[in-house]
Every structure is written in structure tokens, then in C-alpha cells.
Amino acid sequence: MAAVLKKRALAEFTQTIQESAPFQPIKKLKLVKKPPTGTGNSSLALISCLESCKSSSEALRTLLRVSDTFELETPDIPEAVKKLSDHFKNEPESAVRVKILSLLCDIGHLANADVVSIIDEAILLLKNDHSHKVMAQGMNTILKLGTLVPDNVIALHQKLVEVAKSYLKDVSHAVKRRCLEIIGVHTPVCTGADAEKLMVLISSYFNHDDARVRSQAFSTVITLHERNFKINPDIYIDVCEALKDDYEIVRQVVLKLVCLLGNTFPENEVVLPGSEHEIRLIDDAFGKVCNSISDLSIHVRTLAAKLLGTMKLVSAKFLNQTLDKKLMSNMRRKRTAHELAWENVTSGEWASGKKWADDAPREILDADSINLMSSGACGAFVHGLEDEFMEVRSAAVESLCELSIRNPQFANLSLDFLVDMFNDEIEDVRLKAIDSLRRISEHIILRDDQLETILGALEDFSQDVREGLHRMLASCKMSTTAGLKMCVEKLLDNLKKYPQDKRSTYRCLQRVGAQHPELVLPLVPQLLNIHPFFDTAEPDVENPQYICVLILILNAAKFSPTIIPLLEPHTLRHYAYISDTMPSLVPVLSLPESSCSTITRPQTVPESLEFLNNVISNLDLAENTLRVQTTLLQTAKEHLNRLSEIDSSVAGTAQFTSLYIGAQLIMSQILEKGYWLNPATLATQQANNLKTNITNLLEYCLKLQFFFVGLSPVEECAVKMFRLRALALNLVYIVKGSNASALAPCHHFLTIVEDMQRDLQVAGLDPDAFTSAVFKELSVLEEPKPGTVSRILIPILSEARLGKIPRPNIQIRMSSAEIVEPNGQTDTSLKFTAGLVMSVHFDAELRHLSDPSRVRLKVKYPDQKTQIILPRPAHMKPLMLDGEETQAGHNVRLLTAVLISHQVWSEACNVEINVALAIPEADLGKRKANVSTTPTLIDLCKPVKVSVAPKPIKRTL
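Presented here is an overview of the structure given in this document. Not measured: the values here are computed from a predicted model.

**Considerations on the overall build of the chain**
Here is step 1: For the chain, the count of helices and strands is 37 helices and 18 strands.
Here is step 2: Going through the 957 residues of the chain one by one, you find that 46% of them count as buried.
Here is step 3: Counting contacts in the chain only where the partners sit at least 6 residues apart, residues at least 24 apart contribute 73% of the total.
Here is step 4: A total accessible area of about 49900 Å² is found for the chain, and carbon and sulfur atoms account for 53% of it.

Written as C-alpha cells, this is what we have:
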């Protein structure tokens, strides 16, 4: 009711409404939209104009106008249907009748429309029509409207099926296709004789003259299977015959059906044509799909390559044949050069020519008995991986990976083929091959020759390919020390060429060292240049190549204790330095007692959550004065901030609770001083302090609402109720301390109240004291104008106590951003010509985002001008983190280029680049006079400074 009054407040008029409200604990607020004037019956009026149309073309134009501005009220629907059907009966032009049936379908999709009566009307209209186009559109209308009727209305669905069967006799392919589609979608689930009759009816169209009808018949069988019909596997032979169809639309659908039958009845036996041998149906279906890899159509080949990956119950002998391509020549298997050479050596004699046909083929082959097109599964993946189209190669790589994951033997056979795909000309295919090898890494061990081919791909210009290779190498096992040494050397050389791959290389060598401690051990003296007699120079600990070697060796030392005695004293000191600067890349090692570098750094302890619970419980139990309570809150906030730095497992919960306590402290400070009651009488400094505190309070509330993921409904409602209190305080401040209109903040506040009531009802939670009082007062308020609402809120804000702090939830994670590049540590300034654009490489890792589409880049120039950049979605890619939970929001890597441009400066200055979250919801409550073009942004991290020096244009003759 208050929301109704809110509408009147915006319109600035007065009206009294009396309602006999039933008893409710809390009165609900509901927005009532006034009907728009002049547009309510526009569509009905246009439909009424059909009677005055003098020609079919004029009627068609009218119907097109109706569909462009389609809007009907619920009471007008029956009248509109009647007028359309009346015009249909008298219309000679088929195109107009088709459009009328299309409009009937649109009307049926409206809310509160009587779908059954519209379907009956459409069936009646089609009875006396002889146009194929009209009948096809009528079947389409019946099909779409029938899907709106629940499945339990069996009588109606059976009626639609009978209508479709009666129209199957039509000669038009369009009508037949729609009828078959209706049969597949609307036939009630049945078994026994009824199901057999249905399959006989559909299979009778498998050999229809029109390819479109044949295709739809096979699609109908697939639709029935998706609706849990039990398909008779006896149709398999007929379906396989259709694989030789001349039309690719038929072959595509038949391939899907063959694969479906194979996966549904894998153990059924089928007899091979031309023999009495029986094989499993899944094996035979797999061979049929493999044959389609050599189809003339790219679409059929792509589909066949995709379907191979779904057939996971195939026998191993059939699966292995897909990687064995037999060469055929003159109806005989062509032997390889190695086989021919071996026969020449072992035979001991040559053909003399004295005997007739002494060099004839040993086996006599009949040309009619050879069918090269039905060679089964032989070489299917080889053909797919060598196809001229990237779509086929990409699908073949995916299927090869899916089958290898479930079959270790097949994974080892496919390894060479996947490695060869690293040299594909298309980047997407290379990336899929790299990712596929990473996924099957648990089944394979890389040989040195394979590793050499893989490392050759590190020269790729694409950063995505190089980082994909790093992830793949981190997952795979290597076989020899020489291979590991070759891998490390190649990675270090590649790091010199591409310094931006530093973090990815660090993570790669971290995993490589942990997985190969026995291979790293013999290489330690060589990698660290340890001489048995002479002291060598101490390496620079800031050198990325040296850091890579340290990360490799230190991670291997965790699993090989014999490595630590080999290390030099300065290497142990460097370990202490790296463990402090890069704790996530090196493990905790037990060093000798003589070394002062022993580090114990537990990541998490069980006492952390207990400590967090105790802090919050003590705050809830404390009954003290406001000053003592403020001191307790401040101390608890400091403890929680420190806890978030110590223990990563409860860091998100501690940060959330600390931020909530900080918001409570600001609210207490504002309410305690009482300046908010009469802000107009304050001095300038006091007014500015009050305004700043309220702004900070609203920003805290936005952070609580949008910076955290994993919140339970209890915590979400607690945050929203606290924000409601902050918005109430802001509304009072605007009304009392400003002459500007407060309509927009008041409208926003009432909307939040309505949303809050709905959220509490959905979650089944009770409101706190403040929220309950607001609901109660606004429900009886007659005119919720800003002044009236603020007068009601003042006593509620003064009297209501702050709500309890939510209990700890260890699933909470806080959104964060880490800017990798630029790092802000360079002394050189970036120079460019003033007025032109300079590109700055930007690389950031964003963790635990609730909505990545909110991310913005903020560029702040020295003259305080700010530029907001919306990153392209293609520049935001999933961040691969080991050991991170995937359900806690989105982990994203932002890799883009920031464009900077400015006029001439007298000297180099710093430009600040930052990552922020855009929160347009915060702009809804702003006064219209003060709304700026810059949306509300909240920084995710501290800005990085880039020194920039725009130079004047050199003017030359």
C-alpha cells in the first residue's frame, strides 16, 4: 500500500483510499502500475480495422502493424480471436491467412490466454482450407501452442496427434514435417502395441521421396527417445541404410540416431552383413560413425567427429583401430617402406622370370569384394586430425581427449597424434590440443622426442598458447633427466624472449619440481653452478631465470631430503627471501639447525574459526555504554583484520565481519553526535564531516553487498537491512540539510523497502527492530512524501539499536584484484607524442568476483580527470588456480591494453590505473541535479602508478 502512495508522492497530488485490510503481521508494500493511456486497445482497434479493408494487401499491412505493436489486455483476447477467425473464413489470399494463424499463435502465448480454445479454433479453421502454406502454418501454430498445455492433459495431446496423423496424407513436405514433429512432441508416453504402431508409422517415412521428410522422421524418433519412449533397437538396420543417403541433412540426423541407439543398447548383438559373425551394437555403431569421417560434407564430418567422443562403451580393439590407418592400393593393402625393405632382406631370392607369374600377389583379391568406403574404424581419428577444415580437426581433438580420459591404453596411443596437433596452423586447434594433453596427463609419460616437439611450440607468438603449454607441462610426467633438463633450459630461454610469461613460468616450474624430485636431484649442481672445489659468484636473487631455478629445486627438495645438503649457504638465504616475497611458490622446508632460515608458516589452524566465534559472541553478550561498546567494536575490528592476514581459510569471513563492524562504528558515531537531526544549522566543517561520514557509510554498505561471495541468505538480509538503515539516514540528511528535491532518494528508499520485505519473505527470516518499525509505519502512512517519510524515520533511527553481527560463515570470500603489469617499479617514463594514443600493457588477476561484467578500469590523470574503461569480454579469461575452490565466485584474468592520451606536460607525471567494480544500483537514489556522468565505482585494489611524459609534436619543414 505504501508503494501505491509512493507513486502519488512522485505525481504530487493527494487522494484518500480506504481499504479493509486483513490481519497480517507485516503489511506488504506493492507497486501498482497505472494503465498507460491511449495504448491499451491499440492492437484490438487495428484488428477491428480488418473489416474495412478493401483488399488482401491492405489487410496484410494491417496485420503486420498488429504484430509490430502487439499488446492485448486479457478481457480483449476472446474478441480479438473471434475477429481474426471471422476474417480468416472470408479471406481469399493464402498469405493473409498464414499471418492470421501466426497471430493466433502469438495471442496464445499471452498471459491468461485460453490456449485450448485457440487450438480448437485453429483446428476448425484448417478443416476447409486447401492451401499447403496455410496448413503448414496451422500445424506450426498447433505445435507451439500445444507445448503450453501441461503433459497431464492427455486428452488434448492425443487430439493433436490424431489431427497430425490425418494431415500426414498431404502431399506438401512442409505439412508432413510439421505433422511428424507434432507426433514426436505431443504423443503421450505409451508402451507395448501402441508404441509399436507408432514406430511403424514413423519408420514408414524413412524412405520417403523428399529428403526433408526423411530427415524429420529420424528427428521424430530422437525426440521420442528424449521424452523417455523406449525405442525398438530393431530399427537399427534400416537407420544404417540411410547413412548412404544423398542429402547431408538426412545423414546428419541419422548419425545422431545411430549414436543414440549405440549408447542406449550397447550390449545388443547385430549380425555383420555378408557373414554370420555377431558384434556388439555399440561397436558396429562406432564403426558407422567412423565411416562418416570421410563424408563429402564438412557438416557431416564435424558431427561425426563430435559424436565419437560420446561413445565411451566401445571395445578397446575397435577404439585402437581409429589410430591405425591402413594404406590401400589396387585393392591390396599397401605395405610401408620398412616392410618392403624387410621382405627384400629376408626372402633371399628375386623373381627370375623363368616361371610364369612367380611374382604374383600371394593373396587373390576380388575387386567386387573390396569396399574401401566401409573400412570400419580404421584410421578415423587420423583422417579427422588431418582434415582440411579446422572445425573437423577441432572436434576430432575434443573427442580424442574424451575417449582418452576413460581409457589409459588409448591415451598412450593417442599421445603422438595430440603432440603433432601442436603444430596446427590454427591457434584454436593448438589450444585445444594443448588442453587435451593436460587433461589426460595422469595416464601418460612424455618421451624425450615428444617433449622436443612440445617445447618447439613455446616459440608461438600467442601468449594463450604459451601459457597453455606451461599448464600442460606442469601436469605431465617426464621420463628422463635429459628431458627435464631440456624442458628447464627451453623455459628459461623462452623467458628471456617473453618476459611477460614470468608468473606462468614460475607456476609451471613449481609443479614440475614437485612432480619430479628424483629427476631434479642429479641436476642441482649443474643448475646452481655448484663447483666441488671453487666458490662461485653469488647469483642475483632478482634475476627471473635464477628465481625459476630456485623454485624448481626448492619444490623438489620437499620430496627429496637429499637435495638440501647440496645447497650453498647463500642459496638458503635466498630461500628465506623468496619464502617471504613469494610464499605461494615455495614450500615450507625443514632446514639444518645451523641455518637461521628455518621457517614454520602454517597456512591455517583450527583455532582461527573458534577465535572468530568468540569475538562475535563477546560483542553480542556485552551490555555496556556506547563509549565502551565503541571501544570493543574497534578492538574487535583490529583483531579481525589481523586474523584475515594470518589465516587464509577464514580471511573472507574475518574481512566481512570487520567491514560490518566498521559500518556499525560509523553509524554509531553519526547517531551519537546528533548532528544529522539538524544539518542545516551546522558549521561548515561539521557539515562536511557529517556528509563525509554518510558517504563512507553508504560505501561500506555497497562493499558488504557486492564485494563478497558465498553469503548465506541470513548474511545477505543482514547487509540489506543495514543498508536500509543507512539509506534512511541519508534521506533524513537530504531532507533536513538541503533545499534540493528529495523525490528521487525517497522513491529509491521506498523501492528498497519493498524489495527488503520480499527478500525476507522468500528467505523466511524475521526483520530486525528498525526494519520492522519501518514496515509498520509506512504501511499506515497515507502520503509518503519525502518530508513525511523523514519525520517518521527520525524517531525510529534514534530509538532502534544496531542489529546483531552475523555469525561466521567460512564459505565467504572477498573479491580482490592484483595488478601484475604494470608493476609501478620502473624508473623510466613512457613517452609518446601529445594528442596521440599510447598503449600500456595491463595484466591483472581478479579473484572471487560475483559478476565479472561489473569490472571497469579506472585511469586517473594528474589533472584529476578520470577515464572509465569497459574491458572487452574476450580479454577476461578464466584464471587457472591450483587448489582453489571453483564455487566461490569467478576467478578471472584480465589481459588487455589501456589506451592513454593527453596534451603536453612540462614534465613526466604519474597516471594511476586501477581496477574497480561498477555499481549502478547506487546511482538510483541520487538527486537528479547532482548525478554526474561517472557511475559509482568502488576500487578493488590500490592503484598502480605509471610515469608518463607526453612530448610536443616536432614540426619540420
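**Description of the side chain of His 516**
Here is step 1: If you trace the backbone, His 516 turns up in the loop between helix 25 (502-515) and helix 26 (517-520).
Here is step 2: A relative accessible area of 0% places His 516 in the buried class.
Here is step 3: Separated by 2.9 Å, the side chain of His 516 and the backbone oxygen of Val 512 make a polar contact.
Here is step 4: When sequence neighbours within four positions are dropped, the list of residues in contact with His 516 reads Cys 476, Lys 477, Met 478 and Leu 484.

**Let's talk about the pairing of strand 13 (residues 866-869)**
The side chains of a regular strand alternate between the sheet's two faces.
Here is step 1: Pairing analysis gives 4 bridges linking strand 12 (residues 855-860) to strand 13, with the strands arranged antiparallel. Considered in strand 13, the bridge of Lys 858 is made with Ile 868.
Here is step 2: Where strand 12 hands over to strand 13, the hairpin turn is made up of 5 residues, of which Gln 864 adopts a positive phi near 70°.

**Re unusual backbone geometry**
Here is step 1: In the segment running from Glu 821 into Pro 822, the intervening peptide bond is cis, with an omega of -5°.
Here is step 2: Within the secondary structure, Pro 822 sits in the loop between strand 9 (816-821) and strand 10 (830-833).
Here is step 3: Of note in the backbone geometry, Asn 529 takes a positive phi value of approximately 55° without being a glycine.
Here is step 4: Following the sequence through the fold, Asn 529 ends up in the loop between helix 27 (524-527) and helix 28 (544-557).
Here is step 5: On the basis of relative accessibility, which here comes to 55%, the residue Asn 529 falls in the exposed class.
Here is step 6: Its identity as a non-glycine residue notwithstanding, His 848 has a phi of 55°, on the positive side.
Here is step 7: As for its placement among the helices and strands, His 848 is situated in strand 11 (residues 838-849).
Here is step 8: On the basis of relative accessible area, His 848 is assigned to the buried category, the value being 9%.

**Looking at the nonpolar core**
Here is step 1: Ranked by size, the top nonpolar core spans 169 residues in total, and within it Leu 437 and Leu 473 carry the most contacts.
Here is step 2: Per-element accounting of this core gives the leading share, 11 residues, to helix 28.
Here is step 3: When residues no more than four places from it in sequence are discounted, the contact partners of Leu 473 are Leu 451, Ile 454, Leu 455, Met 478, Cys 487, Leu 491, Cys 508 and Val 512.
Here is step 4: The next biggest cluster of nonpolar side chains, apart from the first, holds 96 residues, and it includes Phe 656, Phe 706, Ile 752 and Phe 775.

**Structural notes on the environment of Thr 322**
Here is step 1: Its place among the elements puts Thr 322 in the loop between helix 16 (316-321) and strand 3 (328-329).
Here is step 2: Each C-alpha atom of the pair Thr 322 and Cys 290 lies 7.9 Å from the other, and the pair is 32 residues apart in sequence.

**As for the packing of helix 20 (residues 408-420) against helix 22 (residues 448-456)**
Here is step 1: Running from N to C, helix 20 and helix 22 cross one another at 25°; their axes reach a closest spacing of 9 Å. On the basis of their axis angle, the class for helix 20 and helix 22 is roughly parallel. Helix 22 is crossed by helix 20, and the crossing has left-handed handedness. Between helix 20 and helix 22, the contacting residues are Leu 415, Asp 416 and Val 419 on the first element and Gln 450, Thr 453 and Ile 454 on the second.
Here is step 2: Per-class residue counts for the contact of helix 20 with helix 22 are 3 nonpolar, 2 polar and 1 charged.

**A word on helix 10 (residues 193-203)**
Here is step 1: Restricting attention to buried positions, one finds in helix 10 the residues Ala 195, Leu 198, Met 199 and Ile 202. What you see down the axis of helix 10 is that its buried residues fit within an arc of 95°, all on one side. Opposite the buried face of helix 10, at more than 90 degrees from it, the exposed residues are Ala 193, Lys 197 and Val 200.
Here is step 2: If you follow the buried residues of helix 10, they end up packed against helix 9 (173-186) and helix 11 (211-226).

**Topic: the pattern of salt bridges**
Here is step 1: All chains considered together, the criterion is met by 40 salt bridges.
Here is step 2: Residue Arg 447 pairs with Asp 416 through a salt bridge whose shortest N-O separation is 3.3 Å. One end of the pair, Arg 447, is in the loop between strand 5 (445-446) and helix 22; the other, Asp 416, is in helix 20, with 31 residues separating them in the sequence.
Here is step 3: Residue Asp 416 is classed as partly exposed on the basis of its relative accessible area of 33%.
Here is step 4: Put simply, Arg 503, Arg 507, Glu 818, Glu 845 and Arg 847 are held in one network by salt bridges that share partners.

**Comments concerning the environment of Glu 162**
Here is step 1: The residue Glu 162 is located in helix 8 (residues 154-167) in this model.
Here is step 2: In this structure the C-alpha to C-alpha distance between Glu 162 and Ile 182, which are 20 residues apart in sequence, comes to 9.8 Å.

**Here we look at the packing of helix 24 (residues 481-497) against helix 28**
Here is step 1: It is the contact of helix 24 with helix 28, at a shortest axis distance of 10 Å, that shows an interaxial angle of 150°. With respect to helix 28, the axis of helix 24 lies roughly antiparallel. Relative to helix 28, the crossing made by helix 24 is right-handed. Between helix 24 and helix 28, the residues in contact are Val 488, Leu 492, Leu 495 and Lys 496 and Pro 544, Gln 545, Cys 548, Val 549 and Leu 552, respectively.
Here is step 2: When grouped by side-chain class, the residues that make up the contact of helix 24 with helix 28 number 7 nonpolar, 1 polar and 1 charged.

**Focus: the sheet that holds strand 11**
Here is step 1: Taken in spatial order, the 4 strands line up as 9-11-15-14 in an open sheet, and their pairing is antiparallel. Among the strands making up the open sheet, the edge pair consists of strand 9 and strand 14 (876-878). Between one strand and the next, the sheet's axes are offset by a mean angle of 25°, whatever the strand orientation.

**Focus: the packing of aromatic side chains**
Here is step 1: Per the stated rule, a full pass over the model turns up 5 aromatic pairs.
Here is step 2: Here Phe 381 and Phe 410 contribute two aromatic rings whose centre-to-centre distance is 6.2 Å and whose plane-to-plane angle is 45°, an arrangement assigned as tilted. Here Phe 381 is found in helix 18 (residues 380-385), whereas its partner Phe 410 is found in helix 20, with 29 residues between them in sequence. Neither Phe 381 nor Phe 410 differs from the other in exposure class; each is buried.
Here is step 3: Seen from their ring centres, Tyr 660 and Phe 722 are 5.5 Å apart, and the 50° between their planes marks the pair as tilted. With Tyr 660 in helix 32 (residues 651-673) and Phe 722 in helix 34 (residues 713-737), this residue pair connects regions lying 62 residues apart in the sequence. Across the pair, Phe 722 and Tyr 660 agree in class, each one buried.
Here is step 4: Through a chain of ring-to-ring contacts, the aromatic side chains of Phe 656, Tyr 660, Phe 708 and Phe 722 assemble into a single cluster.
Here is step 5: In this arrangement the basic side chain of Arg 466 is found over the ring face of Tyr 498, its NZ or CZ atom lying 3.7 Å from the centre.

**What about the environment of Asp 449?**
Here is step 1: Considering the arrangement of structural elements, one finds Asp 449 in helix 22.
Here is step 2: Considered as a pair, Asp 449 and Asp 416 are 33 residues apart in the sequence and their alpha carbons are 9.8 Å apart.
Here is step 3: Only 3.2 Å separates the side chain of Asp 449 from the side chain of Arg 447, close enough to count as a polar contact.

**Here we look at helix 25**
Here is step 1: A rise of 1.5 Å per residue sets the reference length of helix 25, with its 14 residues, at 20 Å; its end C-alpha atoms lie 20 Å apart and thus fit the reference within 8%.
Here is step 2: Restricting attention to buried positions, one finds in helix 25 the residues Ser 504, Thr 505, Tyr 506, Cys 508, Leu 509, Gln 510, Val 512 and Gly 513.

**Describing the pairing of strand 16 (residues 909-918)**
Here is step 1: When you tally the buried positions in strand 16, you get 7 out of 10 residues, the bulk of the element.
Here is step 2: Both strand 12 and strand 16 contribute to a ladder of 6 bridges, which runs antiparallel. The residue bridging Arg 856 from the neighbouring strand is Ala 916, located in strand 16.
Here is step 3: When strand 16 meets strand 17 (residues 937-939), the two strands line up antiparallel, connected through 3 bridges.

The rules behind the values
- Residues numbered from 1 in each chain as written.
- Predicted model: local features only at pLDDT ≥ 70, side-chain atom pairs only at ≥ 80, totals over all residues.
- Heavy atoms only, no water.
- Helix = DSSP H or I, 4+ residues; strand = E, 2+ residues; numbered from the N terminus.
- Buried < 20%, exposed > 50% of the residue type's maximum accessible area, 1.4 Å probe, protein only.
- Contact = heavy atoms within 4.5 Å.
- Areas by Shrake-Rupley, 256 points an atom, 1.4 Å probe, with all protein chains shown as cover.
- Polar contact = N/O pair within 3.5 Å; in protein donor to acceptor, adjacent residues only side chain to side chain.
- Pairing = 2+ DSSP bridges.
- Core = buried A, V, L, I, M, F, W, Y, C linked by side-chain atoms within 4.5 Å.
- Axes fitted to C-alpha atoms, helices over the stretch in contact; angles between N-to-C directions.
- Parallel < 35°, antiparallel > 145°, perpendicular 65-115°, else oblique.
- Left-handed = near helix turned anticlockwise from the far one by under 90°.
- Nonpolar A, V, L, I, M, F, W, Y, C, P; charged D, E, K, R; others polar.
- Arc of directions from axis to C-beta.
- Salt bridge = Lys/Arg side-chain N within 4 Å of Asp/Glu carboxyl O.
- Phe/Tyr/Trp six-rings, centres within 6.5 Å; stacked < 30°, edge-to-face > 60°.
- Lys NZ or Arg CZ within 6 Å of the ring centre and 35° of its normal.
- Expected span 1.5 Å × (residues − 1).

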